[in-house]
Amino acid sequence: MADSKPGTPAASAQDLGGKEQDFLKAKSYLLTASTNTGVNLYDHLSMVLTRVLDERPDNVVDIFEDVSKDVKRSKFTSDVDTVQNKLDKSTEVALAQIQKKLFSKGEGDEEEAPQDEEVETPLPNLMELCFYFEQSGIGLNREEMIRVWLALKSLVDNHPLQHVRFWGKLLGTEQNYYVAEVEYREGDEEEEEEEEAEEAQEEETPEKEGEDDDEEEQEEDDTPKPDYKPPPTVPKEDNRTGANKKVYFVCNDPGKVWVKLPAVTPTQLSSARQIKKFFTGRLDAPVVTYPPFPGNEANYLRAQIARISAGTHISPLGFYQFDEEEEEEEEGEARDHFVTNLDFEGIPVRDLIDPSLSNWVHHVQHILPQGRCSWWNPVQKNEDDFEDEEEEEEREEPDEPEPEVGPPLLTPLGEDEEVNSMPAWTPSLSSNLIPQYAIAVMRSNLWPGACAFGFEKKFENVYVGYGHKYSQENYTAPPPPPIQEEFPSGPEITEAEDPTPEEEAALRAAEMEAAEAAEEMEDAEEDDDDDEN
């Protein structure tokens, strides 16, 4: 077929088709809605031109901008006394605008990308772990995990971290908590420790001043004071040890600010074992319970995270091992440190789901009833407590308490206590249809929501739940302590009735008779002595 010449109907049809396409592209561009207000330029211009043609004012070019502003202002909703000058934004829209920053790159990221690939990063491959958890039917959906992954990336960019792990998600009544477990690089956490120490000193200063005032008052007032002394407060464990081995950051939604949780104390751990309360999603919310909890929701959240980690963080047998050098140095002491076994070859999936639970071990220290992972002797002596040697000799030594002992590190799950006549863990395959490609899944019956998977040389733990332990019965608050017994009633404190006037007169007469009889006896004795002489 020969090419059409210019001016022919075929050529004009092609030109017309091209113009229509350009017109449609231009119109679609004008119909693009604004991300801030949701209004597009095509509708706005239509309304502005409609008003101009209806009113036909003079010098339209000069007042065109004012007409445009009036059209925008006419869309505002008005109430009785207020004018809303912005569109209503739902919580979903507000959250989407916050999370939009996670998907945007900063300046210079594209140029630095090749360098970042060569350097090791503490950011985990969360999408790979999500794939395995998704096979197990646990965890979060992919869209949410991508946002959590990007949120962890922002945490890594803003803090000097050596290791980062997605701990899990704690559900609350108002908002939820996304928890990140991190480890600082050595030497980078000293500044924060110094700040915490300064805050502790500032809190102790007014107490010491108050003690000095009390001593002055005691010197002036000689009234007796009780000898009772409260039991010593169990000190908290240092950073990178025991229950404070890891540091935890939380946020209510991916994209919001990560907040570092404070270190946990033994008193908070002991109190958390006695109460059961849902989280609200506000870290500053008070924890109103009985027995009273020493702290707010941030402290209660940190205590529950420590308890869940100690009871549900597991790993395949042989993945971790104790260091041989430290093992020789610390013979007889509880070991609290282990290293990764580089020669670990993996455990078959069939062995991982063995009902005996002997191929899984705990790799987080057990929390003792005292609230610490390492026992602290409450009656240990300090040289500063005794000023003179004589006082030290006269002071009676209290009975040495029996140390609290818990299961050591890397203890198999088969030694866990049963939960209401059922094992503490339930092993299963991710799929019984194709078992050769399935992975091993472990679900905790003691802490519902705690799960772990194992496959070849990979494993991971995650928790998604309300942060409560399993209980067969409904929660019942403990009763208040019994009323203190009163002092036994006796004649020395018994109140007697006042005597009547007749009884007082009879008492006086009896006293007078007794006095006269005593005088007569004395006179008689004197007369006898005179007769003898």
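As a starting point, this report considers the structure included with it. Being a predicted model, the structure only gives us computed values, none of them experimental. (Residues numbered from 1 in each chain as written. Predicted model: local features only at pLDDT ≥ 70, side-chain atom pairs only at ≥ 80, totals over all residues. Heavy atoms only, no water.)

## Details of the overall build of the protein
Part 1: The number of helices and strands found in the protein is 14 helices and 12 strands.
Part 2: Expressed as a percentage of the 533 residues in the protein, the buried residues total 28%.
Part 3: When contacts within the protein are restricted to residue pairs at least 6 apart in sequence, long-range pairs at least 24 apart make up 63% of them.
Part 4: In the form shown here, the protein has an accessible surface area of approximately 37800 Å², with 49% of it arising from carbon and sulfur atoms. (Helix = DSSP H or I, 4+ residues; strand = E, 2+ residues; numbered from the N terminus. Buried < 20%, exposed > 50% of the residue type's maximum accessible area, 1.4 Å probe, protein only. Contact = heavy atoms within 4.5 Å. Areas by Shrake-Rupley, 256 points an atom, 1.4 Å probe, with all protein chains shown as cover.)

## Quick word on the nonpolar core
Generally speaking, soluble globular proteins have nonpolar side chains that are buried together.
Part 1: Formed by 55 residues in total, the largest nonpolar core has its most connected members in Leu152, Phe166, Trp258 and Met442.
Part 2: At six residues, helix α7 (residues 142–158) tops the list of elements feeding residues into this core.
Part 3: Filtering out sequence-adjacent residues up to four positions away, leucine 152 remains in contact with Leu123, Leu126, Val164, Phe166, Ala180 and Trp258.
Part 4: If you look at the next biggest cluster of nonpolar residues, it comprises 29 residues, including Val250, Phe293, Ala298 and Leu301. (Core = buried A, V, L, I, M, F, W, Y, C linked by side-chain atoms within 4.5 Å.)

## So, the side chain of glutamine 370
Part 1: With respect to the element layout, glutamine 370 can be found in the loop between β8 (360–362) and α13 (389–394).
Part 2: In contact with glutamine 370, not counting residues within four places along its chain, are Val234, Pro266, Ser270, Trp375, Trp376 and Glu404.

## Structural notes on empty space enclosed by the protein
Part 1: Enumeration over the complete set of coordinates arrives at four cavities of 30 Å³ or more.
Part 2: Of the pockets and cavities examined, the largest cavity occupies roughly 130 Å³.
Part 3: Surrounding the largest cavity, 15 residues form its lining, Leu126, Phe133, Met145, Phe166 and Val462 being those nearest its centre.
Part 4: Looking at the lining of the largest cavity, the elements that each hand over two or more residues are α6 (126–136), β1 (161–170) and β12 (458–465). (1 Å grid on protein atoms, 1.4 Å probe; cavity = no way out; pocket = protein on both sides within 12 Å on 5 of 7 lines; lining within 4 Å. Points joined across faces, edges and corners; volume = space filled by probe spheres on them.)

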